[in-house]
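# Geometric and topological summary
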Amino acid sequence: MKTRTLKKDKVNIITLGCSKNMVDSEVLSGQLKANDIDVVHENAKRDHNIVVVNTCGFIDKAKEESINTILDQVELKSRGKLDKVFVTGCLSERYRGDLEKEIPGVDAWFGTMELPLILKKFDADYKAELIGERLLSTPSHYAYLKISEGCNRTCAFCAIPLMRGQHVSKPIEQVVAEAEKLVKSGVKEIMLIAQELTYYGLDLYKQRRLAELLHALADVKGLEWIRLHYAYPTKFPLEILDVMRERDNICKYLDMPLQHIADPVLKAMKRQITRKEIFDLVQTIREKVPGICLRTTLIAGFPGETEEDVEDVKRFLEEVRFDRVGVFTYSHEENTSAYDLEDNIPAEEKERRAQDIMETQQEISLEKNQEKVGKVFKVIVDKKESGRYLGRTEFDSVEVDNEVIINTDKKLKPGDFVQVKITKAFDYDLEGELV
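Residues numbered from 1 in each chain as written. Predicted model: local features only at pLDDT ≥ 70, side-chain atom pairs only at ≥ 80, totals over all residues. Heavy atoms only, no water.

## Let's talk about the environment of Leu-117
The test is simple: In this description a helix means any DSSP run of H or I spanning at least four residues, a strand means any run of E spanning at least two, and both kinds are numbered starting from the N terminus.
As for its placement among the helices and strands, Leu-117 is situated in helix 4 (residues 115-121). Spatially, the C-alpha atom of Leu-117 lies 27 Å from that of Cys-158, the residues being 41 residues apart in sequence.

## What about the packing of helix 6 (residues 172-184) against helix 8 (residues 210-218)?
Our working rule: Every axis corresponds to a line fitted to the C-alpha atoms, with the helix fit spanning only the stretch in contact, and the corresponding angles, defined between N-to-C directions, vary from 0 to 180 degrees. Small angles under 35 degrees read as roughly parallel and large ones over 145 as roughly antiparallel, with 65 to 115 read as roughly perpendicular and the rest as oblique. Handedness of a crossing follows from how the near helix is turned relative to the far one, being left-handed for an anticlockwise turn of less than a right angle and right-handed for a clockwise one. Whether two residues are in contact is decided by their heavy atoms, any of which lying within 4.5 Å being enough. Three classes are used, and their members are as follows: Ala, Val, Leu, Ile, Met, Phe, Trp, Tyr, Cys and Pro are nonpolar, Asp, Glu, Lys and Arg are charged, and the others, Gly among them, are polar.
The N-to-C vectors of helix 6 and helix 8 enclose an angle of 30°; their axes lie 10 Å apart at closest approach. With respect to helix 8, the axis of helix 6 lies roughly parallel. Considering only the axes of helix 6 and helix 8, their crossing is right-handed. Where helix 6 abuts helix 8, its residues Ile-172, Val-175, Val-176 and Ala-179 lie against Glu-212, Leu-213, Ala-216 and Leu-217. In terms of residue class, the contact of helix 6 with helix 8 is built from seven nonpolar, no polar and one charged.

## Side note on the environment of Phe-328
Test applied: Three exposure classes are used, based on accessible area relative to the maximum for each residue type with a 1.4 Å probe and protein chains only: buried under 20%, partly exposed in between, and exposed over 50%.
Along the chain, the position of Phe-328 falls in strand 13 (residues 324-329). For Phe-328, a relative accessible area of 46% gives the class partly exposed. Each C-alpha atom of the pair Phe-328 and Thr-297 lies 7.5 Å from the other, and the pair is 31 residues apart in sequence. Not counting residues up to four positions away in its chain, the partners in contact with Phe-328 are Thr-297, Leu-298, Ile-299 and Ala-300.

## Describing the UniProt feature "domain: TRAM" (unreviewed entry) in the chain
The condition is simple: UniProt positions are given in the numbering used here, feature names are shortened, and annotations may be inferred rather than shown by experiment.
Per the UniProt record, the feature "domain: TRAM" (unreviewed entry) sits at residues 370-435. Span residues 370-435 is 2% helix and 53% strand, its end C-alpha atoms 19 Å apart.

## Quick notes on the side chain of Arg-324
The condition that has to hold: Any N or O atom pair separated by 3.5 Å or less is treated as a polar contact, with the protein-specific requirement of one donor-capable and one acceptor-capable atom, and with residues adjacent in sequence counted only for side-chain atom pairs.
Among the structural elements, Arg-324 can be located in strand 13. Of note is the side chain of Arg-324, whose polar atom sits 3.3 Å from the backbone oxygen of Phe-395. At a separation of 2.6 Å, a polar atom in the side chain of Arg-324 contacts the side chain of Asp-396. Once you skip the residues sitting within four places of it in the chain, Arg-324 turns out to touch Cys-293, Leu-294, Arg-295, Thr-296, Gln-361, Phe-395, Asp-396, Asp-401 and Asn-402.

## With respect to the layout of surface pockets
How we decide: In this analysis a 1.4 Å probe is tested at points of a 1 Å grid over the protein atoms alone, and where it fits but cannot get out there is a cavity; an open set with protein on both sides within 12 Å along at least five of seven lines is a pocket; lining residues have an atom within 4 Å of a point. Grid points are joined across faces, edges and corners, and a volume is the space filled by probe spheres set on the points.
Each pocket or cavity is described by its volume, and for the second largest pocket that value is around 730 Å³. Residue lining of the second largest pocket: 35 residues in total, with Asp-24, Val-27, Met-113, Leu-115 and Glu-149 positioned closest to the centre. For the lining of the second largest pocket, the secondary-structure elements that each account for two or more residues are helix 1 (19-34), strand 3 (50-55), strand 4 (84-89), helix 4, strand 7 (148-149), strand 8 (168-169) and helix 6. A total of seven residues in the lining of the second largest pocket trace back to one element, the largest contributor, which is helix 1. In terms of residue class, the lining of the second largest pocket is built from 13 nonpolar, 12 polar and 10 charged.

## Regarding the pairing of strand 16 (residues 403-407)
A regular strand places its side chains on the two faces of the sheet in alternate fashion. Note the cut-off: Here a strand pair is declared whenever DSSP counts at least two bridges between the two strands.
Sheet analysis places strand 15 (residues 388-392) next to strand 16, joined by three bridges and oriented antiparallel. Among the inter-strand pairings, Tyr-389 is bridged to a residue of strand 16, identified as Ile-406. Bridge count between strand 16 and strand 18 (residues 429-434): five bridges; the pairing is parallel. In the sheet register, Ile-406 faces strand 18, and the bridge partner there is Gly-432.

## Some words on the sheet that holds strand 11 (residues 250-255)
Pairing between the strands of a sheet is mediated by backbone hydrogen bonds and can be parallel or antiparallel. Strands sit in the order 6-9-10-11-12-13 across an open sheet of six strands; the sheet is parallel. The sheet is open, and its two borders are formed by strand 6 (142-146) and strand 13, each paired with just one other strand. Going from strand to strand, the sheet's axes swing by 20° on average, the running direction of each strand aside. Pairing of strand 10 (residues 225-228) with strand 11 involves two bridges; the strand directions are parallel. Counted as the bridge partner of Leu-228 is Leu-254 from strand 11. Its contacts with the sheet put helix 6 on strand 6 and strand 9 (189-193), and the angle it makes with strand 6 is roughly 165°.

## Notes on the packing of helix 11 (residues 275-288) against helix 12 (residues 307-320)
At a minimum axis separation of 12 Å, helix 11 and helix 12 run at an interaxial angle of 20°. Between helix 11 and helix 12, the angle falls in the class roughly parallel. Judged by the twist between their axes, the crossing of helix 11 over helix 12 is right-handed. Contacts from Arg-275, Ile-278, Phe-279, Val-282 and Arg-286 of helix 11 reach helix 12 at Asp-312, Phe-316, Glu-319 and Val-320.

## Looking at the domain arrangement of the chain
Where the parts come together, the accessible area they lose is often given as the size of the interface. The line we're drawing: All domain edges in this entry derive from an automatic or database-based domain assignment. Accessible area that two parts lose when put together, evaluated with a 1.4 Å probe and summed over both, is termed the buried area.
In terms of domain boundaries, the chain breaks down into domain 1 (10-128), domain 2 (140-371) and domain 3 (375-434). Inter-centroid distance (C-alpha atoms) of domain 1 to domain 2 is 28 Å. Every contact between the two is made by 18 residues of domain 1 and, on the other side, 18 residues of domain 2. For the pair domain 1 and domain 2, the two sides together bury roughly 1,700 Å², of which 56% comes from carbon and sulfur.

## Remarks on helix 11
Rules: Here, expected helix span is obtained from the residue count minus one, scaled by 1.5 Å. As used here, the arc is the angular range of directions from the helix axis to the C-beta atoms.
Helix length check: helix 11 (14 residues) gives 20 Å between terminal C-alpha atoms against 20 Å at 1.5 Å per residue, within 8%. Residues Ile-278, Leu-281, Val-282 and Ile-285 constitute the buried set of helix 11. Looking straight down helix 11, one finds its buried side chains confined to an arc of 100°; they lie on one side. Looking at helix 11, the residues exposed on the side facing more than 90 degrees away from the buried face are Lys-276 and Glu-287. Summarising the contacts, the buried residues of helix 11 are in contact with helix 9 (239-246), strand 11, helix 10 (263-269), strand 12 (293-300) and helix 12.

## Regarding the packing of aromatic side chains
The line we're drawing: Aromatic contacts are taken between Phe, Tyr and Trp rings whose centres are within 6.5 Å, Trp giving its six-membered ring; a plane angle under 30 degrees counts as stacked, one over 60 as edge-to-face, and the others as tilted.
Throughout the structure, instances matching the rule amount to seven aromatic pairs. Centroid distance Phe-86 to Phe-110: 6.3 Å. Interplanar angle 70°. Geometry classified as edge-to-face. Pair noted here: Phe-86 is in strand 4 and Phe-110 is in the loop between strand 5 (108-109) and helix 4, with a separation of 24 residues, a long-range link. Taken as a pair, Phe-86 and Phe-110 share a single burial class, namely buried. For the ring pair Phe-377 and Phe-395, a centre distance of 6.2 Å and an interplane angle of 85° mean the geometry is edge-to-face. Remark: Phe-395 occurs in the loop between strand 15 and strand 16 and Phe-377 occurs in strand 14 (residues 376-385); sequence separation between them is 18 residues. With respect to class, Phe-377 is no different from Phe-395; both count as buried. Here the aromatic cluster, defined as three or more aromatic residues joined through ring pairs, consists of Phe-86, Phe-110 and Phe-122.

Shown next as structure tokens:
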């Protein structure tokens, strides 16, 4: 009879969903490592015996992916390939009661804010002194930095407050300390993330303090690029634009999800802003920070959206000419206020509308890229792929935006900054040569 030799546990963390989840996984792995537990992200070797699935529960597609991933891991456990499967994150927070009944093969379920409880399953202690210590799952030259948790907004379509709770800002000193630790570990670019960056500080300091935080981060020695993700347009704190203009290491880049443009849809979405106010805000941002790259995301197929509303979005894109646009189809989420509305647009029609909007943006993106031909840009090298180096300008974030194909015989490494003269433009990418 074969007996299994006792070997040390090795934990594989599988992260689904957004960059905020990724940070949570990195913090968990940092804590496990500090407790002398072997841990890896997305382990391709499959030499682990415990899996933690960090789930997303934002929209239907994400929920489906999370459930399929859990089922795959439970199946591996049933075949003796794994000893334990733990599940955490947004899906688990939102549907734990149902999931426990439906998938009994999972050893334990955890919500989004239960890190100490996960650690207890490993007989590990939560070490408060490790704040900011993370085992990065990104390449070593860039990292995401979460400045707050949760959201106080009541957007009709969004289930995030149900899963992440109310807005809680991290103190400025803590964020700066985390940034300093990241830079010491080799990070050169930090992407600030939150459900809503622009609300930062209201809960802690009784006023918005993002501008002050940006000044403090810009002072961190060795931090070359600071990038802002997820700024809410309503009551936008204009003072952050002065900081962006004044400080060289804050990228002229702003990710500001608008979700829609047509007034009837904005009202139904409870976005607390009008088409004209959005237009005026975009103009102000561009006046205060010349050359800024604006990214936005939009939702197609919200209940009650008409063809005229879709045309309005396309007209607005042609008029305002955002640099980057992403379009998602509406997902009918229970316990949101939009769930009371009839989800009256078929899935195929939502996809068609999303595609229609993206085709409008594709032309704008190509035209804007063509304007860059012949110009020289500072580019961060991300990786080498198929014999060519790929990088990004300050106007491009990781995974969602344009890449620059760098033609050179010189040996480069990830995290290098180089000057690249653009020689070719494509719909969503650029090509250039080292200067």
